[in-house]
Amino acid sequence: MTEPLAEVSNLSVDFVTRESSVRAVNDVNFTMLPGEVMCMLGESGSGKSVTMRALMRLLPPKRSVISGGIRIAGQDVQAMDATALRRMRGSTVSMIFQEPMTAFDPVVRVGDQIAEVVSVHRGVSHAAGRQRALDLFELVRIPSAQRRLDAYPHELSGGLRQRAMIALALSCEPKLLLADEPTTALDATVQIQVLILLRRLQQEMGMSVIFVTHDLGVAAEIADRVAVMYAGRVVETGPVRDLMRRPLHPYTAGLLASTVHDQPRDQDLETIPGTPPDMRHLPPGCAFAPRCPRAGTDCITTVPPPVTPAPGRIVRCLRVEAELV
Amino acid sequence: MMSATLMELDQRDRGGPQQPLLVVRNLRKHFPIRSGILGRVSAHVRAVDNVSFTVRKGETLGIVGESGCGKSTVARLLMRLINPDAGEQIFDGDAVGEHGGISVADLRRQVQMVFQDSASSLNPRMPVQNSIAFGPIAFGTPRVEAVGQARELLTRVGLNPALFGGRYPHELSGGQKQRINIARALAMQPRMIILDEAVSALDKSVEAQVLNLLQALKRSFNLTYVFISHDLGVVRWISDRVMVMYLGEIVEIGPADTIYTGARHPYTRALLASRPALDPDQRREEAPVSGDPPNPINPPSGCRFHTRCPHAEPVCASRAPSLGAEGEQAHRAACHMQDPASGHSQAIAA
Ligand SMILES: Nc1ncnc2c1ncn2[C@@H]1O[C@H](COP(=O)(O)OP(=O)(O)OP(=O)(O)O)[C@@H](O)[C@H]1O
Ligand SMILES: Nc1ncnc2c1ncn2[C@@H]1O[C@H](COP(=O)(O)OP(=O)(O)OP(=O)(O)O)[C@@H](O)[C@H]1O
Ligand code: SF4
Ligand SMILES: [Mg+2]
Ligand SMILES: [Mg+2]
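Quantities reported herein were computed from a predicted structural model and do not represent experimental measurements.

A look at the overall build of chain B
Alright, step 1. The helix and strand inventory of chain B stands at twelve helices and eleven strands.
Alright, step 2. What you see for chain B is a C-alpha radius of gyration of 22 Å, in line with the 20 Å of a compact globule of 350 residues.
Alright, step 3. Along the first, second and third principal axes, the C-alpha atoms of chain B reach 70 × 55 × 55 Å.
Alright, step 4. For chain B, the proportion of contacts with a sequence separation of at least 24, taken over those separated by at least 6, is 64%.
Alright, step 5. Accessible surface computed for chain B: about 15,400 Å², of which carbon and sulfur atoms make up 50%.
Alright, step 6. Charged side chains of chain B number 38 positive and 34 negative; the gap between the two group centres comes to 5 Å.

Focus: the interface of chain B and chain A
Alright, step 1. Opposite the 46 residues of chain B that make contact, chain A presents 48 residues.
Alright, step 2. Here chain B meets chain A over a buried area of about 3,600 Å², counting both sides, of which 52% is carbon and sulfur.
Alright, step 3. Three residues stand out in chain B for area buried against chain A, namely Trp 237, Leu 278 and Arg 283 of chain B, and they jointly supply 20% of the buried area on that side.
Alright, step 4. Our count for the contact surface shared by chain B and chain A stands at five salt bridges.
Alright, step 5. Linking Asp 281 of chain B and Arg 245 of chain A is a salt bridge whose minimum nitrogen-to-oxygen distance equals 2.5 Å.
Alright, step 6. Where chain B meets chain A, there are 26 residue pairs in polar contact (both at pLDDT 80 or more).
Alright, step 7. When residues of the side of chain B that touches chain A are assigned to their parent elements, the largest contribution, ten residues, is made by helix α8 (residues 204-221) of chain B.
Alright, step 8. For the side of chain B that touches chain A, a count of residues per class yields 17 nonpolar, twelve polar and 17 charged.

A word on the packing of aromatic side chains
Alright, step 1. Scanning all chains against the criterion turns up six aromatic pairs over all chains.
Alright, step 2. Aromatic side chains Tyr 230 of chain A and Phe 288 of chain A sit 5.2 Å apart centroid to centroid with 85° between the ring planes, which places their arrangement in the edge-to-face category. With a gap of 58 residues between them, Tyr 230 of chain A in strand β9 (residues 225-230) and Phe 288 of chain A in the loop between α10 (250-258) and α11 (297-301) connect regions that are remote in the sequence.
Alright, step 3. The class of Tyr 230 of chain A is buried, set by a relative accessible area of 4%.
Alright, step 4. Where Tyr 246 of chain B meets Phe 305 of chain B, the ring centres are 5.2 Å apart and the plane angle is 85°; that geometry is what we call edge-to-face. Taken together, the residues Tyr 246 of chain B in strand β9 (residues 241-246) and Phe 305 of chain B in the loop between α11 (266-273) and α12 (314-318) connect sequence positions 59 residues apart. For the pair Tyr 246 of chain B and Phe 305 of chain B, a shared accessibility class is recorded, and that class is buried.

Some points on the layout of surface pockets
Alright, step 1. Computed from the structure, the second largest pocket encloses a volume of approximately 1,200 Å³.
Alright, step 2. Around the second largest pocket, the lining is made up of 44 residues, and of these Ser 157, Gly 159 and Leu 160 of chain A together with Gly 291 and Asp 292 of chain B lie nearest the centre.
Alright, step 3. Where the lining of the second largest pocket is concerned, the elements lending two or more residues are α5 (145-148), α6 (158-170) and α7 (188-205) of chain A.
Alright, step 4. Of the residues in the lining of the second largest pocket, the class split is 18 nonpolar, twelve polar and 14 charged.

Structural notes on the pairing of strand β6 (residues 111-114) of chain B
All names here are of chain B.
Alright, step 1. Burial of the side chains of β6 extends over both faces: Val 111 and Met 113 are buried on one face and Gln 112 and Val 114 on the other.
Alright, step 2. Where β6 lies against strand β7 (residues 192-196), four bridges are found, and the strand directions are parallel. Paired with Val 111 across the bridge in β7 is Met 192.

Points about the pattern of salt bridges
Alright, step 1. Scanning the entire structure with this criterion turns up 33 salt bridges over all chains.
Alright, step 2. Close ionic contact of Arg 130 of chain A with Asp 150 of chain A constitutes a salt bridge, the shortest N to O distance being 3.2 Å. Within this pair, whereas Arg 130 of chain A is found in helix α4 (residues 126-139), its partner Asp 150 of chain A is found in the loop between α5 and α6, the two being separated by 20 residues in sequence.
Alright, step 3. Residue Arg 130 of chain A is classed as buried on the basis of its relative accessible area of 19%.
Alright, step 4. For the salt bridge of Asp 13 of chain B with Arg 191 of chain B, the shortest nitrogen-to-oxygen distance reads 3.6 Å.

Re the site of ligand 3
Alright, step 1. Ligand 3 sits among 13 residues. The nearest are Cys 303, Cys 309, Cys 316, Cys 335 and His 336 of chain B.
Alright, step 2. Looking at side-chain class alone, the shell around ligand 3 contains eight nonpolar, five polar and no charged residues.

Some thoughts on the nonpolar core
Alright, step 1. By size, the foremost hydrophobic cluster in this structure holds 64 residues, and its most contacted members are Ile 114, Phe 137, Ile 166, Leu 177, Phe 211, Val 226 and Tyr 251 of chain A.
Alright, step 2. It is α6 of chain A that contributes the most residues to this core, eight residues altogether.
Alright, step 3. Beyond its immediate sequence surroundings of up to four residues, Val 226 of chain A is in contact with Cys 39, Leu 41, Ala 219, Glu 236, Thr 237, Gly 238, Val 240 and Leu 243 of chain A.
Alright, step 4. Core analysis: the next-biggest nonpolar cluster, separate from the first, contains 60 residues, Ala 150, Ile 180, Val 210 and Phe 305 of chain B among them.

Notes on the packing of helix α7 (residues 174-187) of chain B against α8 of chain B
Angle between the axes and distance between the axes are the two parameters that describe a pair of packed helices.
Residues and elements named next belong to chain B.
Alright, step 1. It is at 10 Å that the axes of α7 and α8 come closest, and there the two elements cross at 15°. Here α7 is positioned roughly parallel relative to α8, judged by the angle of their axes. Note on packing geometry: the crossing formed by α7 with α8 is right-handed. Counting all contacts with α7, which are made through Gly 175, Arg 179, Ile 182 and Leu 186, the residues of α8 involved are Val 206, Gln 209, Val 210, Leu 213, Leu 214, Leu 217 and Phe 221.
Alright, step 2. Here the residues of the contact of α7 with α8 are counted per class, giving eight nonpolar, two polar and one charged.

Conventions and cut-offs
- Residues numbered from 1 in each chain as written.
- Chains lettered and ligands numbered in written order.
- Predicted model: local features only at pLDDT ≥ 70, side-chain atom pairs only at ≥ 80, totals over all residues.
- Heavy atoms only, no water.
- Helix = DSSP H or I, 4+ residues; strand = E, 2+ residues; numbered from the N terminus.
- Rg over C-alpha atoms; globule rule 2.2 N^0.38 Å.
- Contact = heavy atoms within 4.5 Å.
- Areas by Shrake-Rupley, 256 points an atom, 1.4 Å probe, with all protein chains shown as cover.
- Lys, Arg positive; Asp, Glu negative; His and termini not counted.
- Charge placed at Lys NZ, Arg CZ, Asp CG, Glu CD.
- Buried area = accessible area lost by both parts, 1.4 Å probe.
- Salt bridge = Lys/Arg side-chain N within 4 Å of Asp/Glu carboxyl O.
- Polar contact = N/O pair within 3.5 Å; in protein donor to acceptor, adjacent residues only side chain to side chain.
- Nonpolar A, V, L, I, M, F, W, Y, C, P; charged D, E, K, R; others polar.
- Phe/Tyr/Trp six-rings, centres within 6.5 Å; stacked < 30°, edge-to-face > 60°.
- Buried < 20%, exposed > 50% of the residue type's maximum accessible area, 1.4 Å probe, protein only.
- 1 Å grid on protein atoms, 1.4 Å probe; cavity = no way out; pocket = protein on both sides within 12 Å on 5 of 7 lines; lining within 4 Å.
- Points joined across faces, edges and corners; volume = space filled by probe spheres on them.
- Pairing = 2+ DSSP bridges.
- Near = heavy atom within 4 Å.
- Core = buried A, V, L, I, M, F, W, Y, C linked by side-chain atoms within 4.5 Å.
- Axes fitted to C-alpha atoms, helices over the stretch in contact; angles between N-to-C directions.
- Parallel < 35°, antiparallel > 145°, perpendicular 65-115°, else oblique.
- Left-handed = near helix turned anticlockwise from the far one by under 90°.

Spelled out as structure tokens, the structure:
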């Protein structure tokens with residue numbers, strides 16, 4: 001068996017303020033194998049970004065309480081000191097944010113910023129870093145790459161800025177790339193270009209990718225495996241084909257049915273009734289129970305344990321049989 | 001289907017069902033770009049350029065296109081939130097803002113708008129039922145009556161007035177706030193509602209609820225919609241006709257199903273083919289077009305799509321293709337390949 005690249009076990013994240021405490025991530029477990037692409041799917045506020053930030057140890061230390069284990073490339077992320085953390089962020093793991101402007105300094109040319117990162121992490125000269133930046137711009141297919149190195153972030157179009165951001169994230173050849181909605185802000189014709197690019201680079205470089213999205217179509221385009229989050233929990237994981245053809249958790253099924261694609265126009269769309277829960281007042285049992293068509297009284301009181309109804313699939317639902325025939 | 005009796009009941013319907021509710025001809029809006037310390041106008045964003053279309057009574061016209069193509073500018077022009085540089089607008093036979101026509105104030109009562117950002121369009125210090133009643137009160141409805149109607153409308157948009165009427169916006173979810181915005185638009189008894197990315201910020205599971213609600217309200221209040229969205233799936237489901245924009249111009253317009261199954265403009269085809277496949281076994285191998293949409297400050301010459309179009313020929317850069325006149329055909333595309341006389345090698349036969 002291949003060693004997992006990342007292992008997350010019983011991860012919980014609480015945000016504590018004077019008035020309240022919110023459990024944004026609740027007992028999340030997953031492993032990532034080398035070269036695997038996993039999509040995290042879920043509605044706004046379900047805990048996707050917080051999970052990503054926990055992996056990078058980017059959460060505010062004073063206001064967040066993290067419990068559970070995170071191991072990346074054999075190392076315990078929770079136990080890392082500042083030096084180890086910096087090394088991990090530069091070489092093993094890197095992250096692409098939804099808004100690429102936040103990753104770049106607005107007053108420094110993008111080529112110099114990438115060169116700086118490369119020269120610090122690799123201990124090479126700035127000139128060598130610039131050369132690497134040029135290679136990376138060509139890798140992510142930025143046209144007129146040489147000229148674009150001298151651009152300031154605001155001078156690049158949305159699509160080019162996102163490519164530059166990907167170049168920056170890839171500059172130290174990470175083993176694990178965390179991509180938090182990297183294409184959501186892009187136009188349709190540009191989004192598909194970036195998705196295809198990411199898929200190609202992932203295959204060529206053999207890296208693992210966790211790709212956060214709320215778009216099922218994007219998951220279908222890029223994922224090997226999908227993890228569906230609801231109210232801080234992963235309610236279902238499985239291989240992308242199985243999960244999309246035969247969703248097992250009622251929430252996943254509802255999400256698939258209510259996504260508008262080519263439904264007949266003279267009929268109502270299928271919906272999930274109600275609204276996503278208030279994270280400050282979660283129901284005691286299954287958080288989806290108030291909206292679930294299959295809920296019984298047991299769902300209101302019992303937190304569903306994970307079951308494995310088929311190979312590679314894990315579901316947290318009391319109505320899902322442990323063994324599918 | 002629209003019922004004839006409902007139509008006859010609407011006192012405001014002047015031209016009958018055959019007369020378009022809205023006609024727009026050669027609408028244009030160029031935003032000046034100022035630069036330097038003197039703030040001199042150095043360039044223009046050609047946000048909307050010679051746009052002509054009609055909206056029929058009782059239909060939903062969908063508008064799609066990528067960011068910056070001018071969808072919201074069209075919406076704001078239709079409401080006269082900004083003034084056009086040129087063009088005319090006719091609402092149920094009356095020229096807007098012209099002598100003997102319909103006044104802008106009257107237009108703004110008959111046409112309402114719902115935006116994407118549901119939070120910022122509600123007054124945070126007002127209970128939502130008062131927000132809904134605000135417009136009618138301003139137009140002279142007695143307060144008690146207006147609040148009573150507001151509570152009725154809450155029921156119509158699926159919110160229990162006893163539970164929600166007294167709440168403030170921050171006590172509501174995004175979907176609930178959007179229902180309030182819809183109720184607020186309905187309170188003015190409009191004939192037309194412009195929905196500008198009205199469901200785009202909602203979670204998928206809530207978006208479907210609001211879309212069903214919009215369809216139900218359209219039937220029961222006899223409404224006409226202009227529905228703007230970048231979500232091509234949603235636009236197909238809700239629209240009777242679809243208009244595709246690129247860099248300030250209409251590139252294609254026609255019945256929704258025809259556009260989605262038989263698009264004629266290379267841009268429309270690229271846009272549709274850029275949608276993720278929703279099936280892991282049908283993944284896109286190649287992007288339909290490369291590059292980003294160009295800058296609307298200096299749009300490309302001729303056909304504005306020629307810099308990205310796989311079928312571009314010299315004629316495309318030198319001459320702008322025409323969309324053709326309205327009324328000729330239900331389905332029209334502004335591409336030289338659609339014009340037998342254009343000289344494009346792939347032009348259709350006459
Ligand atoms: N720094 C923070 N302090 C307090 N609460 C936070 C903080 N960051 C996130 N949260 C809360 O944690 C929950 C999960 O947020 P998260 O950003 O992970 O959602 P998400 O799934 O990424 O949603 P979206 O799709 O909107 O990006 C939310 O309820 C959010 O309000
Ligand atoms: N007040 C303004 N001043 C200058 N330029 C403007 C102004 N309003 C809009 N623009 C520009 O006009 C063009 C069209 O903008 P518009 O908001 O209509 O696009 P849109 O199609 O609604 O895009 P989106 O999908 O992002 O909402 C854009 O290039 C925009 O930057
Ligand atoms: S006119 Fe020319 S450039 Fe424009 S869409 Fe048609 S073929 Fe392409
Ligand atoms: Mg997020
Ligand atoms: Mg807009």
